[in-house]
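# Structure at a glance
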Amino acid sequence: MGMTMTQKILADHANLKEVKKGQLIEADLDLVLGNDITTPVAIREFEKLNVSKVFDSSKVAIVLDHFTPNKDIKSAEQCKVARSFANCKNIKNYFDVGDMGIEHCLLPEKGLVTAGDVVIGADSHTCTYGALGAFSTGIGSTDMAAGMATGKAWFKVPGAIKFVLKNKPSKWISGKDIILHIIGKIGVDGARYMSMEFVGDGVKHLTMDDRFTICNMAIEAGAKNGIFPVDDITKGYIKNHECKTIDKSHQIFAADEDAIYDETIEVDLSELRPTVAFPHLPENTKNIDEITEDIKIDQVVIGSCTNGRINDLKIAAEVMKNKKVAKDVRCIVFPGTQSIYLEAIEKGYISELVKAGAAISTPTCGPCLGGHMGILAQGERAVSTTNRNFLGRMGHVKSEIYLASPAVAAASAISGKISSPEEICEEVGGDTTC
């Protein structure tokens, strides 16, 4: 019986010739991840195990990103616990203020995740790394503790949905529009405990940043993980992001021709339009042409582990160049990592965004989870490139979040209402002028 891409990775790490949907396995881990919120809880559970050290100090990563720089005494205490543990256990891949980034942008950049890996993280959006051809999934802090101690984790082997991406997307269609379209089609539980495997000729038209975004939001469809095949674009990224702290080798897995899928869904990328998820679920989507009313906004957030990468900032800067953020709109930009921040400065994206009236922050999850640096008041509306728009997610329970791509977010910041980049930019002689 053939196996999917995810099943082949899991079989390899469980030292089995094959695995089947629903089978319980114990797999070896290549990386265990925690952040400033989840790591302190994991540390308490780790200490109950009465082990003196982690299974491999080079295969544990701790990233302080959610409430950092510390927003209050509680977050400072949380970070202190994680910092002390990292020092005590000689954690090789510990990232703090000044050297940190948003974890799911940072780890691929550092080369800590590569093709064929099995990764668990005490953060639901750990599924991001499927863009690299890895099996990665979010777990709880107790599982993080066990993973740090043993280097192993139990899994129920997931089934899979095959998403066949066809044709080339148009100018303003990005990974965010693609995944919002898919979630709008199948619902927030449409891939519950499944692997979302993306294939087809359309994949070659997607940048790595697009793929990271799509896999990042697999969890918003209820999926166990999202994963892309390893092609030349993936290999190029891996080569350009070789790990500096540990020796990493990648292994390429591909689905068998006779792999069994629960469902196959085709998506014609050429037909997609900029897509927005309305409150209060990512499945509540409309394409830009279906929005007939003026939806005035108070805030725009561009960044996060979903859309804080260099192409995201490039697109936002392109749309906002030589324009001004609308009166009464706050526009906040969060680069994904220090390296992305620096590259955006060097390429002029940050200066364009600042000239337009955007505020630029150090890398942090900040407003995405209603943490800090962008909390919404009662009755306020935000267009955000983050991944969740649950009730009260970014502040007051009577605020509203509209999820969108960087292009739509930037256009909306300029117009003061939810807008398409096509309303801000126009095609002139084959070139786009904004």
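This structure is a prediction, so every number in the text was calculated from the model and none was measured.

## Some remarks on helix H13 (residues 406-415)
Residues lying three or four places apart along an α-helix face the same way, a consequence of the helix completing one turn every 3.6 residues. Summarising burial for H13: nine of the ten residues are buried, a large majority. Taken together, the buried positions of H13 are Pro406, Ala407, Val408, Ala409, Ala410, Ala411, Ser412, Ala413 and Ile414. Downstream of H13 by a residue or two, Gly416 has a phi angle that is positive, lying close to 85 degrees.

## Structural notes on the nonpolar core
Judged by nonpolar contacts, the single largest core of 98 residues is most densely connected at Leu107, Phe155 and Met196. The element contributing the most residues to this core is helix H6 (residues 175-186), with six residues. Viewed by domain, this core spans two of them, domain 1 (5-267) and domain 2 (276-432), each represented by three or more residues. Once you skip the residues sitting within four places of it in the chain, Phe155 turns out to touch Leu10, Gln23, Leu24, Ile25, Ala27, Leu29, Val118, Ile120, Phe135, Thr137, Tyr193 and Lys224. The next biggest cluster of nonpolar side chains, apart from the first, holds 41 residues, and it includes Met320, Leu353, Tyr402 and Ala410.

## Let's talk about the UniProt feature "binding site: [4Fe-4S] cluster" (unreviewed entry) in the chain
Following the UniProt record, one finds the feature "binding site: [4Fe-4S] cluster" (unreviewed entry) at Cys305, Cys365 and Cys368. These annotated residues cover 64 residues of sequence, but their C-alpha atoms sit close together, with the largest distance between any two at 9.3 Å. Apart from the residues lying within four places of it in its own chain, the contact partners of Cys305 are Ile102, His104, Cys105, His125, Asn216 and Asn387. Position of Cys368 relative to the elements: it lies in the loop between strand S16 (359-360) and strand S17 (381-384). When neighbours within four sequence positions are excluded, Cys368 is seen to be in contact with Thr386, Asn387, Arg393 and Met394.

## Brief notes about the side chain of Gln7
Structurally, Gln7 can be placed in helix H1 (residues 5-13). Sequence-distant contacts of Gln7, defined by excluding residues within four places in its chain, comprise Gly2, Val19, Lys21, Val157, Pro158 and Gly159.

## Topic: the domain arrangement of the chain
Here the domain parsing of the chain yields domain 1 (5-267) and domain 2 (276-432). Inter-centroid distance (C-alpha atoms) of domain 1 to domain 2 is 25 Å. With 36 residues of domain 1 at the contact, the number on the domain 2 side is 43 residues. Of the roughly 3100 Å² buried between domain 1 and domain 2, counting both surfaces, carbon and sulfur atoms make up 62%. Of all residues in domain 1, Ile102, Trp172 and Lys176 give up the largest surface area on contact with domain 2, accounting jointly for 23% of the area buried on that side.

## Some words on the sheet that holds strand S5 (residues 118-121)
Pairing within the open sheet is parallel, and its five strands lie in the order S4-S3-S2-S5-S6. Here the strands that pair on one side only, and so sit at the sheet edges, are strand S4 (93-95) and strand S6 (135-138). The average undirected angle you get between the axes of adjacent strands in this sheet is 15 degrees. Summarising the sheet, strand S2 (residues 31-35) and strand S3 (residues 60-63) pair through four bridges and their orientation is parallel.

## A closer look at the packing of H6 against helix H7 (residues 208-216)
Two numbers describe how H6 lies on H7: the axes approach to 8 Å, and their chain directions differ by 30 degrees. When the interaxial angle is binned, H6 and H7 end up roughly parallel. Seen along the crossing, H6 lies across H7 with a hand that is right-handed. On H7, the residues touching Gly175, Lys176, Ile178 and Ile179 of H6 are Asp210, Thr213 and Ile214. Considered class by class, the residues forming the contact of H6 with H7 number three nonpolar, two polar and two charged.

## Here's the deal with the sheet that holds strand S10 (residues 225-227)
Reading across from one edge, S10-S9-S8-S11 is the order of the four strands in this open sheet, with parallel pairing throughout. Lying at the two open borders of the sheet, with one neighbouring strand each, are S10 and strand S11 (263-268). On average, each strand axis in the sheet is inclined to that of its neighbour by 20 degrees, with strand direction left out of account. Pairing between strand S8 (residues 159-166) and strand S9 (residues 194-199): six bridges, direction parallel. The partner of Phe163 across the bridge, within S9, is Phe198. Against the sheet, H1 touches S8, S9 and S10, its axis set at about 105 degrees to S10. Sheet strands in contact with H6 are S8, S9 and S11, and its direction is about 135 degrees off that of S11.

Cut-offs and rules
Residues numbered from 1 in each chain as written. Predicted model: local features only at pLDDT ≥ 70, side-chain atom pairs only at ≥ 80, totals over all residues. Heavy atoms only, no water. Buried < 20%, exposed > 50% of the residue type's maximum accessible area, 1.4 Å probe, protein only. Helix = DSSP H or I, 4+ residues; strand = E, 2+ residues; numbered from the N terminus. Core = buried A, V, L, I, M, F, W, Y, C linked by side-chain atoms within 4.5 Å. Domains from an automatic or database assignment. Contact = heavy atoms within 4.5 Å. UniProt positions renumbered as here; feature names shortened; annotations may be inferred. Buried area = accessible area lost by both parts, 1.4 Å probe. Pairing = 2+ DSSP bridges. Axes fitted to C-alpha atoms, helices over the stretch in contact; angles between N-to-C directions. Parallel < 35°, antiparallel > 145°, perpendicular 65-115°, else oblique. Left-handed = near helix turned anticlockwise from the far one by under 90°. Nonpolar A, V, L, I, M, F, W, Y, C, P; charged D, E, K, R; others polar.

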